[in-house]
Amino acid sequence: MKKSPYNKAVKWLSVAHFTTDTYSGFLNPIMPFIAAKIGISMGVAALLMSLSQLFSQLLQPIFGFFADNIAKRSFIFWGLVFATVFFPLTGVAHNVYTLGLFIILGSLGVSVFHPQGIGFVIRFTRKDFTKNMGLFLSLGSIGYSFGPLLSAAITQYLSLEKMPLLIIVGIVLALLMFVCVPKISDRDKIESSKKDIVAVFKTILTNKQVLILILISIMKALISSSCAILLPFLWKANGHDPMYIGMALFWFMFAGGIGSLVSPKVEEIVGTRKIIYISMLSMPVLMCIFVFFNAKFPILALIDFVLMAFVLMLATPITMVLAQKELPQYKSIIGGFLNGFCWGVVGVLLSGMGFMAQQFGILQMLFIAGFIPAFSAYFVKYLNIEEK
């Protein structure tokens, strides 16, 4: 029996997600070198990174609205093209204005790609929703973990000016994806909403089930982002070199990707609701272990750090599928909220958290943050979940 082209489509979408997030992970390790080359301060560089967070994450629900109504492949294609063209161009920016333009356009590509990519995974899936969503999300996380290593290696061994060579790879993959991901046929289209964007957002944000899932996503993003942003400062203060920090973050993000990948198998063993509880209630324990082991047993603390990411991401494909099943007419918008908006909100909040960490200590702030998901786990009992 001939396989459905939709089976191949999910795999190509996952490869495209890997590629998009690899390129979006370029900036963190090379931004200091770009800043030194064009003569901008760390404050200006930090502002540009904030713009990247704004344009790549917070706007995803808006692009998801248009993606659901257009229901064509244009968003995933052009999103991939923009990300793979403009992030490498940051290496050859000659002033703050061109650098800002390249960062914004590359970030917009990320924001455009994700909601429709997530929506198309559900559209092309006939069974094993969590498995396919796990594949898509895990390859994105794994790609994001490789991004810093790739950009740092090119900068160190070639030069920043050679970064645009990576554009060729991105364009080739975008064309392959456009060929291999089929168009949405009429029978597969869900009738687009005729309401305006305000009415659609109101429908989503007044849905109790979706709100709980958004809360869960924000809590997971809080732990992941606070660790990824604050811990490099702690490690640097402790005398660790950049390669140690880069490898630690690589394994953290890579383990998160593996957690998303094996999520369906774990769900079959423990059940849907329990895997969400495990993902959230384990955070205080794992964070406490890290905080108390960090000084005297750094290797054990690092292992615990990586394990934290694995457990944290176990529930990610599950929450995404639950939200999209709750409001199937808004697949891409839901993807924009859970995959982008939640992370963008946390990114904005972390500026305040960074100031508090400067005043009271990084480990102290992480210790407190570790308990927040456990308290919010109370609301999981209100989710309507049909166990497999």
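As the structure is a computational prediction, the values presented were derived from the model and not from experiment.

Caption draft 1: Quick peek at the environment of P88. Summarising the element assignment, P88 is placed in helix 5 (residues 74-89). Note: C-alpha distance between P88 and E161 (73 residues apart in sequence) is 9.1 Å. What P88 contacts, discounting residues up to four positions off in sequence, is Y23, F26, A83, M163, P164, L166 and I167.

Caption draft 2: Expanded view of the environment of V210. For V210, the position within the fold is in helix 10 (residues 208-237). Taking C-alpha positions, V210 is 8.6 Å from Q324, a pair spaced 114 residues apart along the chain. When near neighbours in sequence (up to four residues on either side) are disregarded, V210 contacts I204, A323, E326, L327 and I334.

Caption draft 3: Seen up close, helix 9 (residues 197-205). Among the residues of helix 9, V200, F201 and I204 are the ones counted as buried. Here the buried residues of helix 9 occupy an arc of 95 degrees about the axis, which is enough to place them on one side. Residues of helix 9 that are exposed and angled more than 90 degrees away from the buried face: V198 and K202.

Caption draft 4: Quick look at the pattern of salt bridges. Applying the stated criterion across every chain, the model contains one salt bridge. A salt bridge links E161 to K37, with the shortest nitrogen-to-oxygen separation between them at 3.6 Å. In this pair, E161 is assigned in the loop between helix 7 (129-157) and helix 8 (166-180) and K37 in helix 2 (residues 27-38), connecting sequence segments 124 residues apart. The exposure class assigned to E161 is partly exposed, which follows from its relative accessible area of 45%.

Caption draft 5: Structural context of the environment of Y244. Mapped onto the elements of the fold, Y244 is located in helix 11 (residues 242-270). Expressed as a C-alpha distance, the spacing of Y244 and P232, which sit 12 residues apart in the sequence, is 9.5 Å. Not counting chain neighbours up to four residues away, the residues in contact with Y244 comprise W235 and L302.

Caption draft 6: Structural detail: the nonpolar core. Counting residues in each nonpolar core, the largest one holds 111 residues, and the members touching the most others are L99, M133, I204, C227 and I276. By residue number, the principal contributor to this core is helix 10, which donates 15 residues. Once residues within four sequence positions are removed from consideration, C227 is found in contact with P232, F252, M287, F305, M308 and L366.

Caption draft 7: Representation of the confidence of the model for the protein in the model. Residue-level pLDDT values for the protein average 79, and 87% of them are 70 or greater. Within the protein, helix 4 (residues 60-70) has the poorest average pLDDT of any element, 70, and helix 13 (residues 283-293) the best, 92. The low-confidence segment residues 186-194 (pLDDT under 50) makes 15 contacts with residues lying over four places distant or belonging to another chain.

Caption draft 8: How the structure looks around the packing of helix 12 (residues 272-281) against helix 15 (residues 316-326). At their nearest, the axes of helix 12 and helix 15 sit 10 Å apart, and the two run at 125 degrees to each other. Relative to helix 15, helix 12 is oriented oblique. Judged by the twist between their axes, the crossing of helix 12 over helix 15 is left-handed. Every residue of helix 15 that contacts helix 12 at T272, I275 and I276 is listed here: I318, T319 and L322.

Thresholds applied
Residues numbered from 1 in each chain as written. Predicted model: local features only at pLDDT ≥ 70, side-chain atom pairs only at ≥ 80, totals over all residues. Heavy atoms only, no water. Helix = DSSP H or I, 4+ residues; strand = E, 2+ residues; numbered from the N terminus. Contact = heavy atoms within 4.5 Å. Buried < 20%, exposed > 50% of the residue type's maximum accessible area, 1.4 Å probe, protein only. Arc of directions from axis to C-beta. Salt bridge = Lys/Arg side-chain N within 4 Å of Asp/Glu carboxyl O. Core = buried A, V, L, I, M, F, W, Y, C linked by side-chain atoms within 4.5 Å. pLDDT = per-residue confidence, 0-100. Axes fitted to C-alpha atoms, helices over the stretch in contact; angles between N-to-C directions. Parallel < 35°, antiparallel > 145°, perpendicular 65-115°, else oblique. Left-handed = near helix turned anticlockwise from the far one by under 90°.

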